[in-house]
Structure formats: structure tokens, C-alpha cells
Amino acid sequence: MMRRFWFGSASILVFALTGPVTAQSTPRPLVLGQPVQSAMGPEDPVLQSDGSSYELFQVRAPAGQLVTVTLTSTAFQPIVAVGEEMSEACETCATSIGETDKAAVARKVAPASGVLQIRVNAMDKGDRGAFTLLATASAPPRISARPLPFGESVSEALDGNDAVTDDGAMVDAYAVRLAADQEVQLDLSSDDFDPKLELLTPAGAKVAEDDDGGPGTNARIRFTVPRSGLYQVRVTAVGSDDGGRYKLSTGLRQALSPMPAPIALTLGQAVSGAITESTPRYEADGEDVQAVRYGLRLEAGKVYKISLTAASGSELDPKVAIGKIATDGSLDAVAQNDDSGAGSNAMLRFRPETTGNFVLEAQRVGSAIGTYRLTVEQAASDRAPEASQPLRLGLAISGQLRDGGARLAATDTLFNTYSIALRAGQRVNVVMDKDDEANLDPMLEIGLLSSVAFQPLAKDDDGGKGVNARIKFTAPSDGTYIVRATANEAAQEGAYTIGVSEMPASIVPPFPARAKFGETIRGNLGPTDPLRNDSQYFDRYVFNGQVGETYEITANSESFDVLVGARQIDRVDDDYTSDDDGGGGTNAKLVYTVTTSGPQIIRVTTVEEAAGGDYSLLIIKK
């Protein structure tokens, strides 16, 4: 999983550790214009937050100069951070993340002291290898505001030719004449980056800024102009090296008409309606919400089933919400749902805590309009759990989750239970597949039933195909185990099949074969090979490597989707640097750099469970 490392916005997650980085006490000097070639190794310090390796550097530049720091590596995914004083959560740092084939580039204006610290970082724990670091300085482009008539919009792009802020972020500036006492609205949207807006007075003082005040991650400023003048609107990005296309709109804030009174709704009554472009709207959290409102009285403790479905042929993606109207006219929702109904339809189970009048809204997701059908009815009474139905190895049986069945107290989801006797060490595969037409996202648990309660030992939601569930389980002792089949959400129900099959015993892995360089190795994966914990066959090869040596490892197969990995021999078995499809199609190509001298392991395996067949392996020392 990619580790996010952006800084400088309240809306972006930053690491909690804020103390100075002290493991490397003295930063290494870096001279402007002179590249430094180094390598991340086991002797380097690591960040407390994620254990990834780093090195510190320091560069001097004339105050006010724009320092551009470029970090390249083919051994790891590079991260570079530049700031006056380095810490793990350097909120004022300019930070950039590259790729193994793309440089990380961060820019920062040199402070009055002229001293900047640079942290070279690997993306993931254990990533090491060679890198090149270069810092250059130049006069920063001056921020010059282009005229933009108020009430108009502009579509432009942030790129490397733009001026920069002191933090190194690219910036476009516009001069907009505003009249006193107007309530203006500025909107900045982009599909390429997380946009940020700033508003400066004619004297240059910042009076407003925003990151996520608009829809999604878009920016919005609403401002009552105290006095007339030529104001400056600045467009920039969260993340100093981000750029791309954007749209900036200026205008007066448009007041929305009050929402009409809710339409009375009768319990059990099906009503039809439509959401069109003229449907009333209100604002919530910076976004316009179009809704048709209904009112009904509900009793505390009873459970109600709310269904909102698009009519036949309608493109509407419906959403349902229920709650009370807030003082600002928006809906203070206590429950809402988008896709728990069949397809993209909405379905909600709601149990009010108090008796009273509630407001229900029919909304839309996205821009499509259309007609819908809305029903609110009291849910069927829940039954007590039935006795667990026995399962037999190798035999799948049918089941049904139906409203009115037993429900879990913690999640209000329907469930059925099954039992199966297993021996200590027996490895089984438990699968729950929904019927094609079922409105169901299956959830599986396996465990033991004590005198107090069910004690789950393993759980899965989407381990099977699509949204289906699968658990691979090894019994810790002889006994009867309980399998619990349930839905992922309270409103879901439908038919399914469930079955338990025995997994083959894993063969003890033989000692890895000696790898041959520059010579095609022919191999085969199948039932005579050992299994990974996730039931993929594998072969292994070993070779001796020295720190800094790089190898290109290519694995091809016409029989299966091949996965190749490499690691030093003393690391944990699944801690491989790996590649799946880098060789084209379903073939693999891995560029592997040795970080610790000694024996290295290459593993050839499959992406899909129990797949196999012939393969070829080629190892070339670069």
C-alpha cells in the first residue's frame, strides 16, 4: 500500500511525530549544481513512523533563490522533503514522491539564513539501494496577477513554468476587482490535483484561504468585501509538486430558495417521484443537495425498512436519508444509504431512538436525473436463531437470508449458523457465494461456541470472487466449529450457497535450487510443489549477491499469471520485492538491487490459487 507523505494542509493526514529527526545528527553537505551519488543501506536511520530508511543533507543558497532538489533512484520509490528544519511531520516542508522510473522533485525558496535541510527517503520499510541527489538554485519567477473580470471563469493549468510560493508550490494569480459590501463566491475545481484558493487584499494581506470548502476536494471561498478594490486570487495546490488543469469561477453568492414543506407519507404506501434539474436544493458542507422531502411519524424501538429504487429505464442513482431539519434548512441526517438495495438502489433499516416526526429525503448520487419509487414499511419481526445446520466436507448447500430471520445484535445484520467437525491441523477452505440476483454482500466467520457466546477465530468479507467471502482456516484443535454466514449490511438479504472443502497438505519446501545467470531456466508449478499460505504453488532459487548489485529477473508462462519475487535469505518468507505484470501481459519482470551481501532468494509463484504449468526464468546481472 502506498504511504502518503504530503504536508501542509489541515485536511491531509500527517504523522503524529513532530520532533526533530535526530538519528542522523549531522546532515551531509550538498553543493549546488554538484550531484551526489549515494546508497540507502542497513546502516542508515529509519523513521519512527513507518520504519523506512532515510538520509539527511544540507545545502546553502542565496536567500530568496528558488532551490530545486531532484532525487532519482532505480532501486526504490524516492521521496524528498526540503525545509528549514527537518522533522518527521514537517508541515512547512516542500515534499515530493517519485517513482522508480520518475524523479521526485521538490522546490523551496531559500530563507534569510540561506540554509535548507533535505531528507532523502524510501517509500517502504526495507527499501534500499543507490540514488542520485542534485540541488540547483535560480531566481524564482515573480508572482504576477493576470486580470480576470468579476463574474467570469477561467480554465488554465499549473505547471513548472509558473511562479512559486515560498514553500515551492506552483501558483497562478489573478487580479479581480470587487465592490464593497458584496458577498462573493470563488470556486476552484480540478480533476488533476487537490486545489487551494487564497484571497489577498489590494494591500497584499491574505484575508481568506480554503482547501476543501467546495464539493469533494475542491476549494471555495465566500467573502463579504469590506471595501472596493483590486483583489488578488491565488490558485495553488495541496502538495508542492502537484499541478494540472483547473477551473476558477468568480461571482456573487447565489441565495437558495427555502426548501418546500415535506410531503406527507403514509407507512406502507408506495409513492412515485422524480429528481430533475429543477428539483429544490439546499447547501450542506459546501455542496448543493437536491432532494424531495417527505414527512412521517415513527415510533421508538420499532424497525422500519425504507426502499428507494429507480424506476424502469431511469438513469437515476438514488440515495435516501432520514433525520430532522437543522436550523440552516439542511437535513441533519441520522441515517442514510446509497447502494444497499439491488444494483445502485438505496435501502435502509432504521430504528428510531425516540418517537416523533422524521423527514425523509430522496436524493441523487451524481448528475443523472430520473424517476423513482419510495416505500417505508415496518420490518418483519426478528426470529430467534435456528439450530446450526451441519456441513460436510466437499458438499455445498443452499441458504437464505430473509427479513424476519435472526439478526446479530451488534450490526443488525441477518445471519445463519452451520457446524462442522475438524481435526487439529486440518486445513479447510470455507466459501460463501451469493446468488446472481441476490442483494447481498456475503460475510463469513468461523469459530467456537462457548457457554457465553460465539468466539470468532477467522473472518472474511471479499476474499472470494467479486464480493463473495472465503476463509482459509487451519483448525487449532479437534472439535466442532461454527460457521456463521451473514450479510455485510443490515438491509441486505438474499440466497447463497455455502461449502467447506479440505485444502491439500502443504509440502515441506525443499532447499532452493542454485540460480543460473544469463541462462534460461525451465520449471513447472503443480501439486508436487509446496504451497504458500494463500494456496499458491511456488519454486525457489538462491544466489550470492553483493550490496549494490542489480539483477533483472524475468519470469514467463503461457499457463498461468506469474509472480516473481526476491529478497535476502534471512528476511521473513513473504517479505519479497516482487513484480506481477512488468514483463508484458501476465509475465513478470523484476529489477532487484541487493541491499545486504550474502545469499538471496528468488521465488516464482502464481497470482491465482492452485494455478500451475510450465514457466521460464531468466536472471541477468546488470
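About the cut-offs
- Residues numbered from 1 in each chain as written.
- Predicted model: local features only at pLDDT ≥ 70, side-chain atom pairs only at ≥ 80, totals over all residues.
- Heavy atoms only, no water.
- Helix = DSSP H or I, 4+ residues; strand = E, 2+ residues; numbered from the N terminus.
- Buried < 20%, exposed > 50% of the residue type's maximum accessible area, 1.4 Å probe, protein only.
- Contact = heavy atoms within 4.5 Å.
- Areas by Shrake-Rupley, 256 points an atom, 1.4 Å probe, with all protein chains shown as cover.
- Lys, Arg positive; Asp, Glu negative; His and termini not counted.
- Charge placed at Lys NZ, Arg CZ, Asp CG, Glu CD.
- Pairing = 2+ DSSP bridges.
- Axes fitted to C-alpha atoms, helices over the stretch in contact; angles between N-to-C directions.
- Polar contact = N/O pair within 3.5 Å; in protein donor to acceptor, adjacent residues only side chain to side chain.
- Phe/Tyr/Trp six-rings, centres within 6.5 Å; stacked < 30°, edge-to-face > 60°.
- Lys NZ or Arg CZ within 6 Å of the ring centre and 35° of its normal.
- Core = buried A, V, L, I, M, F, W, Y, C linked by side-chain atoms within 4.5 Å.
- Salt bridge = Lys/Arg side-chain N within 4 Å of Asp/Glu carboxyl O.

Enquirer: Just to check I follow, could you spell out the overall build of the chain for this structure?
Expert: Scanning the chain from N- to C-terminus turns up 0 helices and 47 strands. In terms of its C-alpha atoms, the chain occupies a principal-axis envelope of roughly 80 × 75 × 45 Å. Relative to its 622 residues, the chain shows a buried fraction of 50%. The long-range fraction of contacts in the chain, counting pairs at least 24 apart against all pairs at least 6 apart in sequence, stands at 76%. Surface summary for the chain: the accessible area is close to 29,500 Å², and the carbon and sulfur share equals 48%. Where the 56 positive side-chain charges of the chain centre and where its 82 negative ones centre are 1 Å apart.

Enquirer: What am I meant to see in the sheet that holds strand β4 (residues 66-72) here?
Expert: Strand pairing in a sheet relies on backbone hydrogen bonds, with the paired strands running either antiparallel or parallel. Strand order across the open sheet formed by 4 strands is β2-β9-β4-β7, with antiparallel pairing between neighbours. A strand with exactly one partner marks an edge of an open sheet, and here the two such strands are β2 (36-40) and β7 (104-109). Strand after strand, the sheet turns through a mean of 25° between neighbouring axes, direction not considered. Relative to strand β9 (residues 129-138), β2 is paired through 5 bridges, and the arrangement is antiparallel. Counted as the bridge partner of Val36 is Leu133 from β9.

Enquirer: How should I be thinking about unusual backbone geometry in this particular structure?
Expert: Among all residues save glycine, negative phi is the norm, and among peptide bonds the norm is trans. At Asp181, a position not held by glycine, the phi torsion is positive, near 70°. Structurally, Asp181 can be placed in the loop between β13 (170-178) and β14 (183-189). Taking relative accessible area as the criterion, Asp181 reaches 67% and is therefore assigned exposed. The phi torsion at Asp412 lies on the positive side, around 65°, for a residue other than glycine. Inspection of the secondary structure assignment puts Asp412 in the loop between β31 (395-401) and β32 (415-422).

Enquirer: Could you clarify how one ought to interpret the side chain of Gln77 in this entry?
Expert: Take Gln77: it is sitting in the loop between β4 and β5 (78-83). For Gln77, a relative accessible area of 13% puts it in the buried group. One polar contact links the side chain of Gln77 to the main-chain carbonyl oxygen of Gly98, over a distance of 3.0 Å.

Enquirer: Please explain the packing of aromatic side chains as it appears in this structure.
Expert: Note on aromatic pairs: each is described by the distance of the centres and the angle between the planes. Enumeration according to the criterion identifies 9 aromatic pairs in this entry. Seen in terms of ring centroids, Phe57 and Phe131 are 6.4 Å apart; in terms of plane orientation they differ by 90°. Their pairing is edge-to-face. You can see Phe57 sitting in strand β3 (residues 54-60) and its partner Phe131 sitting in strand β9, a full 74 residues away along the chain. With centroids separated by 6.3 Å and ring planes inclined at 70°, the aromatic side chains of Phe76 and Phe131 adopt a geometry described as edge-to-face. With Phe76 in the loop between β4 and β5 and Phe131 in strand β9, this pair connects stretches of sequence that are 55 residues apart. The side chain of Lys324 reaches across the aromatic face of Phe358, ending 4.7 Å from its centre. Over the aromatic face of Phe415 sits the side chain of Arg484, whose NZ or CZ is 5.9 Å from the ring centroid.

Enquirer: Help me understand the nonpolar core, please; the structure alone is not making it clear to me.
Expert: Note that soluble globular proteins tend to have their nonpolar side chains buried in a common cluster. Phe473, Val483 and Ile498 are the most contacted members of the largest nonpolar core, which has 26 residues in total. Secondary-structure elements contributing two or more residues to this core are β31, β32, β33 (427-434), β34 (442-449), β36 (469-474), β37 (479-487) and β38 (494-502). The dominant element in this core, judged by the number of residues it contributes, is β37, at 4 residues. Aside from chain neighbours lying at most four places away, what touches Val483 is Leu391, Asn416, Thr417, Tyr418, Ile420, Val430, Leu444, Glu445, Ile446 and Ile498.

Enquirer: What am I meant to see in the pairing of strand β41 (residues 538-545) here?
Expert: For a regular strand, the rule is simple: side chains alternate between the two faces of the sheet. Of all 8 residues that make up β41, 7 are buried, and the element is covered over most of its length. Examined bridge by bridge, β41 and strand β46 (residues 598-606) share 8 bridges and lie antiparallel to one another. When the sheet's bridge partners are listed, Tyr541 is paired in β46 with Ile602.

Enquirer: Just to check I follow, could you spell out the pattern of salt bridges for this structure?
Expert: Here the idea is simple: oppositely charged side chains can pair when their charged atoms come close. Throughout the structure, instances matching the rule amount to 24 salt bridges. The partner of Glu283 in a salt bridge is Arg220, with the nearest N and O atoms 3.7 Å apart. Here Glu283 is found in strand β22 (residues 281-284), whereas its partner Arg220 is found in strand β17 (residues 219-224), with 63 residues between them in sequence. Take Glu283: its relative accessible area is 22%, and that puts it in the partly exposed class. For Arg220, a relative accessible area of 14% puts it in the buried group. One continuous salt-bridge network, built from bridges that share partners, spans Arg349, Arg351, Asp382, Asp403, Arg407 and Asp412.

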